[in-house]
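Below are the chains, spelled out letter by letter.
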Amino acid sequence: MTKQIELYWSFRSPYSYLATPRLAQMEDAYDLTIVVRPVYPLAVRFGEFFDRVHPLWAPYLMRDTMRIAEMLGMPYRWPRPDPVVIDPATRRASAHQPHIHRLTRLGCAAAESERGLAFLLEISRAIWGGQSNDWSQGDHLALAAERAGCDLDYLDRKISSQPDKYEAIIASNQEAHAAAGHWGVPTMVFEGEPFFGQDRIELLTWKLKQRGLQPRSR
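Read on for a plain summary of the structure. Note that the structure is a prediction, hence the values are computed from the model and not measured. (Residues numbered from 1 in each chain as written. Predicted model: local features only at pLDDT ≥ 70, side-chain atom pairs only at ≥ 80, totals over all residues. Heavy atoms only, no water.)

Concerning the side chain of serine 136
Heads up, the rule is: A run of DSSP states H or I qualifies as a helix once it reaches four residues; a run of E qualifies as a strand once it reaches two. Both are numbered from the N-terminal end. What qualifies as a polar contact is a pair of N or O atoms within 3.5 Å, subject to a donor-acceptor requirement within protein and to the restriction that residues adjacent in sequence count only when both atoms come from side chains. Here, two residues are considered to be in contact whenever any of their heavy atoms come within 4.5 Å of each other.
Tracing the sequence through the fold places serine 136 in the loop between helix H6 (116-128) and helix H7 (140-147). Within the local environment of serine 136, its side chain forms a polar contact with the side chain of aspartate 134, the two groups lying 2.5 Å apart. Excluding residues within four positions of it along the chain, serine 136 makes contact with Pro81 and His99.

Given below as structure tokens:
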């Protein structure tokens, strides 16, 4: 029987980016379906997020993500521009968010077309891979979407014509994420049990195999 996990994932999370290739490899190798459920980052959902974190949180995150990327052989640089617009005076997410709202809605629309994981994989590479000085301009996203088997113009038309629908999907994802027992990303949920972080993929695989996960037939 095909196993299924839910993936709660953010376009602003370096750990989400770093986890995605291994998750895609898992789905390819095993009789497994990964249901993509994009959520907004904590910086957008909770305006006081940066007020509460320890001052060493940001430098440690950069050190940690750089070494993980090096270990995995993945290109990595903090995105230009940042997917979340931060007000430098308040250190809080600005009210106007041209990037993260669009990206998260696009992720939901791609998931509807059953191209969710491929979309996350390719778009996150365009954002986090450091190949461009401005991933939001030109055809970077369009080409990434094409590699994922998606038409970016079509997805943009869908989310532009039904913004309330996609905001409701995101809100539902965030409620389900919390109900599963965690708040951070990436969180993978299998049979109601949350596995938080890119460093829990091996543990998740072990649990799936305990429940009968089998290699995918070729």
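Describing the pattern of salt bridges
Worth spelling out the cut-off: Take a side-chain nitrogen of Lys or Arg and a carboxyl oxygen of Asp or Glu: if they are within 4 Å of each other, that pair is a salt bridge. Residue exposure (1.4 Å probe, protein chains only): buried if accessible area is under 20% of the type maximum, exposed if over 50%, otherwise partly exposed.
Evaluated as defined, the whole model comprises 12 salt bridges. Its salt-bridge partner being glutamate 122, residue arginine 125 comes within 3.3 Å of it at the nearest N-O pair. With arginine 125 and glutamate 122 both in helix H6 and three residues apart, this pair spans about one turn of that helix. By relative accessible area, glutamate 122 is classed as buried at 11%. One salt-bridge network, held together by shared partners, links Glu112, Lys158 and Lys165.

Some details on helix H8 (residues 152-161)
This is how it is decided: Here, the arc refers to the directions that run from the helix axis to the C-beta atoms.
Three or more residues of H8 are buried, namely Leu152, Leu155, Asp156, Lys158 and Ile159. Projected onto a plane normal to the axis of H8, the buried residues spread over an arc of 160° and lie on a single side. Seen from the buried face of H8, the exposed residues on the opposite side, beyond 90 degrees, are Asp153, Arg157, Ser160 and Ser161. Contacts made by the buried residues of H8 are with helix H5 (100-112), H6, H7 and helix H9 (163-180).

As for the packing of aromatic side chains
For clarity, the threshold we go by: Geometry of aromatic contacts follows a simple scheme: Phe, Tyr and Trp rings, the Trp one being its six-membered ring, pair when their centres are within 6.5 Å, and the pair is stacked under 30 degrees between planes, edge-to-face over 60, tilted otherwise.
Scanning the model with the defined rule gives five aromatic pairs in all. Between tryptophan 9 and phenylalanine 11 the ring centres are 4.8 Å apart and the planes differ by 85°, which places this aromatic pair in the edge-to-face class. For the residue pair tryptophan 9 and phenylalanine 11, the accessibility class agrees, reading buried in each case. One aromatic cluster in this structure is built from Tyr17, Tyr76, Trp78 and Trp128.

Looking at the state of the cysteines
Put simply, the test is: Note that a disulfide, as used here, is simply two cysteine sulfur atoms within 2.5 Å.
Counting across every chain of the model gives zero disulfides. Looking at cysteine 108, it has no disulfide partner, and the nearest cysteine sulfur is the one in cysteine 150, 13 Å off. Residue cysteine 108 is classed as buried on the basis of its relative accessible area of 3%. Residue classification places cysteine 150 among the buried residues on the basis of a relative accessible area of 11%.

These values are about where atoms sit, not about what they do.
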